[in-house]
Amino acid sequence: MKSGYVAVIGRANAGKSTLVNALVGEKVAIVSPKPQTTRDRILGILTRDDFQIVFADTPGLYKQRNELTRRMMHATEETVKDVDAILFVEDAHEGISDEDIGLIQKYSALGLPMLVALTKTDIMPEKNLPEVAARLFEAGIANKAVAVSARKRKNLGVLIEEILKLLPEGEKLYAEDILSDKSEKFMIAEIMREKILLGYEKEIPHGAAVVVNEFVKKENGVYSVNLDIVCEKKNHKAILIGKGGAALKETAVHARREMERFLGAKVFLTVYVKVREDWRNSDNLIGELGYGDL
């Protein structure tokens, strides 16, 4: 059988996490239309009788603006050092820029087997695809490219077949029933952060972290979840809470519903908002808030 690790690399908001979720068939990573949605390396594991592909979803390639994003980029570079192949995810809908070409060339030059996934093709004219392919060819990029739509599940089977051609023969790396290396507690925090990304604008969601203080399943089957949303400024806290607490209440309702879908059980959710000034530039606070291993 075929088995191996595949680093999923690409610019911020290229659709990496959406694609990994679609390939695995379950939500293993949060998604939003904003950059920096993925902060940690997250494994999504696709297992069939004759193969196992372990996708390493990485933080999007992004200009380093603070210590947190520097660590995120470091995590991406470290992931690439220990995989069998690279899946470079390119947003075909946005077109291919010189910066994109440079990134594809950079990772292709590492010498690892690499495949390019052209995403979001469901929201672009089909006639534009030959132009994208021509752009790659003119740049001397020889890696095979597969046009896909994660949202409509278009060509995912073709993509898997092409990935398998790059992987070695080997035994399963994880038990068949494991879909991710992340815990339920981790995903609960990520779901809360996803709703913040979707519900707030500007710098508010990017400066937010989520700390789960309690994650307990009671005897009656209900999960008790107590968590803190940590932001960087007092005025950010006011915005997160909203007038009379309305904004926070709405965000918490959306998060609780998603948590219940994820856990398959009722959730009693308690949320507080706290301020940690400029935490994204503090080594100590980055560690305290769960990003110390980046």
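See the structure above.
A brief structural summary. (Residues numbered from 1 in each chain as written. Predicted model: local features only at pLDDT ≥ 70, side-chain atom pairs only at ≥ 80, totals over all residues. Heavy atoms only, no water.)

**Re the pattern of salt bridges**
In the structure shown here, the tally under the stated rule is 23 salt bridges. Here K165 makes a salt bridge to E162, at a shortest N to O gap of 3.1 Å. Of this pair, K165 and E162 are both found in helix α5 (residues 156-166), three residues apart, which corresponds to roughly one turn of the helix. For K165, a relative accessible area of 58% translates into the label exposed. Residue E162 is classed as buried on the basis of its relative accessible area of 11%. With a shortest N-O distance of 3.2 Å, K195 and E194 are connected by a salt bridge. The buried category is assigned to K195, whose relative accessible area is 14%. When its relative accessible area of 2% is taken as the criterion, E194 is described as buried. (Salt bridge = Lys/Arg side-chain N within 4 Å of Asp/Glu carboxyl O. Helix = DSSP H or I, 4+ residues; strand = E, 2+ residues; numbered from the N terminus. Buried < 20%, exposed > 50% of the residue type's maximum accessible area, 1.4 Å probe, protein only.)

**Observations concerning the sheet that holds strand β9 (residues 267-275)**
Here we have three strands laid out as an open sheet, ordered β7-β8-β9, and mixed in their pairing. Lying at the two open borders of the sheet, with one neighbouring strand each, are β7 (209-217) and β9. Going across the sheet, the axis of each strand differs from the next one's by a mean of 15°, ignoring polarity. Here strand β8 (residues 223-231) runs beside β9; their pairing, made up of nine bridges, is parallel. If you follow I229 over to β9, its bridge partner there is V273. (Pairing = 2+ DSSP bridges. Axes fitted to C-alpha atoms, helices over the stretch in contact; angles between N-to-C directions.)

**Here's the deal with the sheet that holds strand β2 (residues 42-48)**
Strand pairing within a sheet occurs via backbone hydrogen bonds; the two strands may be parallel or antiparallel. Strand order in the open sheet made by the six strands is β2-β3-β1-β4-β5-β6, with mixed pairing throughout. In this open sheet, the two edge strands, each paired with only one partner strand, are β2 and β6 (145-147). Put simply, the sheet's adjacent strands are angled 25° from each other on average, direction ignored. Of the pairings in the sheet, the one linking β2 to strand β3 (residues 51-57) comprises seven bridges and is antiparallel in character. In the strand pairing of β3, T47 is matched with Q52. Along the sheet face, helix α1 (residues 16-24) touches β1 (2-10), β2, β3, β4 (85-91) and β5 (114-119) and points at about 160° away from the line of β3. (Contact = heavy atoms within 4.5 Å.)

**Digging into the packing of helix α6 (residues 184-199) against helix α8 (residues 246-263)**
At their nearest, the axes of α6 and α8 sit 9 Å apart, and the two run at 145° to each other. The two elements α6 and α8 meet at a crossing, and its hand is right-handed. On α8, the residues that touch E184, M187, I188, I191, M192, E194, K195 and I196 of α6 are T251, A252, H254, A255, E258, M259, F262 and L263. (Left-handed = near helix turned anticlockwise from the far one by under 90°.)

**Focus on the packing of aromatic side chains**
The tally for this structure, following the rule as stated, stands at three aromatic pairs. Look at F215 and Y223: their rings are 5.3 Å apart centre to centre, the planes differ by 20°, and that puts the pair in the stacked class. Taking relative accessible area as the criterion, Y223 reaches 8% and is therefore assigned buried. On the numbers, 6.0 Å between centres and 15° between planes, the contact of W279 with Y291 is stacked. Placement of W279 in the loop between β9 and α9 (283-291) and of Y291 in helix α9 is noted, with a sequence separation of 12 residues between them. For Y291, a relative accessible area of 6% translates into the label buried. Cation over ring: K182 sits above F186, and NZ or CZ is 4.8 Å from the ring centre. (Phe/Tyr/Trp six-rings, centres within 6.5 Å; stacked < 30°, edge-to-face > 60°. Lys NZ or Arg CZ within 6 Å of the ring centre and 35° of its normal.)

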